[in-house]
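Chain by chain, the residues:
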Amino acid sequence: MNGCPLARRLPIDRIAALGLAPSFVLSLALCAAPLPAAAEAGAEPIASLSFAEFYKRPVGPRGLEPGARLLALAGKRVQLSGFIAHGAQPRPALAILAPVPVALDDEDEGLADDLPASVAYLRWTEPRLAAAIEACRGAVRVTGRLGLGARAEADGRTSFVRLDADDVQCLR
């Protein structure tokens, strides 16, 4: 139950028998209805985001421009599914999530690799997430807070989309 003291004391049918206005009875009934578990716990909703929503299409004369949905979800919790781009030199607490399977060869190709434009840099602080990312060799679903804006990364690349991960699931 939530903050409806009268609804807690009397069943809805007894409230209706009190001769109260129908709109008041309806508001008490709605007030007494149980909330979904996420709403009760105060949990922030998680939006689903796809790589196709990262940038406007078609690409115009100004180059890649962030899509409306990507901008709207900045700072919010999202779920994004893709593939971890495995490189020759793994970086602690940093990975790249791509829409397709990608292998990076940092020694020979350096920054001239085959990464698509729509990638998200993953960051995490919990060791269990590092283990989950390492264990997943196929598609993964990552949940976390979305960050946007150009930022220099430890691997020498510049990221625009980042996800501060709090959950990783293998999608085998």
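Predicted, not measured: the structure shown is a model, and the values here were computed from it.

(A) Just the nonpolar core, in detail. Core analysis: the biggest nonpolar cluster contains 25 residues, and Leu49, Phe54, Leu80, Leu97, Leu122, Val142 and Leu146 have the highest contact counts within it. Sorting the residues of this core by element identifies β1 (47-49), β2 (77-84), β4 (94-98), β6 (120-123), α6 (127-135), β7 (139-152) and β8 (158-170) as the ones contributing at least two each. Take this core: its biggest share by element is four residues, from β8. Once residues within four sequence positions are removed from consideration, Phe54 is found in contact with Leu49, Glu65, Pro66, Gly67, Leu70, Leu80, Ser118, Val119, Ala120 and Val161. Counting eight residues, the second-largest nonpolar core is a separate cluster that includes Ala85, Val102, Leu104 and Tyr121.

(B) The confidence of the model for the protein chain, seen in detail. When pLDDT is averaged along the protein chain, the result is 78; 69% of the residues meet or exceed 70. Here residues 1-12 scores under 50 on pLDDT; set against residues more than four positions off or in separate chains, the count is 21 contacts. Counted against residues more than four places away or in other chains, residues 20-40, with its pLDDT under 50, gives 21 contacts.

(C) Layout of the pattern of salt bridges. A full pass over the atoms with the stated rule returns eight salt bridges. Note that Glu126 is salt-bridged to Arg128, the shortest N-O span being 2.7 Å. Looking at Glu126, the relative accessible area reads 33%, which means it is partly exposed. Residues Asp155 and Arg157 are paired through a salt bridge, measuring 2.8 Å at the closest nitrogen-oxygen approach. You'll find Asp155 and Arg157 in the same group, each marked buried.

(D) A look at the pairing of β2. Pairing analysis gives three bridges linking β1 to β2, with the strands arranged parallel. For Leu49, the partnering residue across the bridge sits in β2 and is Leu80. Sheet topology places β2 next to β7; seven bridges connect them, and they run antiparallel. Bridging across to β7, Gly82 finds its partner in Val140. As defined by bridge partners, β2 adjoins β4 across two bridges and the pair is classed as antiparallel.

(E) Molecular detail of the state of the cysteines. Across all of its chains, the model carries one disulfide by this definition. Across the disulfide from Cys136 sits Cys170; the S-S distance is 1.8 Å. Judged by the sign of its S-S torsion, about -90°, the cystine formed by Cys136 and Cys170 is left-handed. Highlighted residues: Cys136 in the loop between α6 and β7 and Cys170 in strand β8, separated in sequence by 34 residues. Residue Cys136 is classed as buried on the basis of its relative accessible area of 1%.

(F) How the structure looks around unusual backbone geometry. A cis geometry characterises the amide bond from Arg57 onward to Pro58, with omega recorded as -5°. In this fold, Pro58 is placed in the loop between β1 and α5 (68-72).

(G) Seen up close, the environment of Gly144. Tracing the sequence through the fold places Gly144 in strand β7. Separated by 18 residues in the primary sequence, Gly144 and Arg162 place their C-alpha atoms 9.3 Å from one another. Residues in contact with Gly144, not counting those within four places in the same chain, are Lys76, Arg77, Val78, Leu163, Asp164, Ala165 and Asp166.

(H) Here's a closer look at the side chain of Ser118. In this structure, Ser118 sits in the loop between β5 (103-104) and β6. A residue is classified by how much of its surface remains accessible, and Ser118, at 11% relative accessible area, is buried. Beyond its immediate chain neighbours, meaning those up to four positions away, Ser118 contacts Phe51, Phe54, Tyr55 and Pro99.

Rules of the game
- Residues numbered from 1 in each chain as written.
- Predicted model: local features only at pLDDT ≥ 70, side-chain atom pairs only at ≥ 80, totals over all residues.
- Heavy atoms only, no water.
- Core = buried A, V, L, I, M, F, W, Y, C linked by side-chain atoms within 4.5 Å.
- Buried < 20%, exposed > 50% of the residue type's maximum accessible area, 1.4 Å probe, protein only.
- Helix = DSSP H or I, 4+ residues; strand = E, 2+ residues; numbered from the N terminus.
- Contact = heavy atoms within 4.5 Å.
- pLDDT = per-residue confidence, 0-100.
- Salt bridge = Lys/Arg side-chain N within 4 Å of Asp/Glu carboxyl O.
- Pairing = 2+ DSSP bridges.
- Disulfide = S-S within 2.5 Å.

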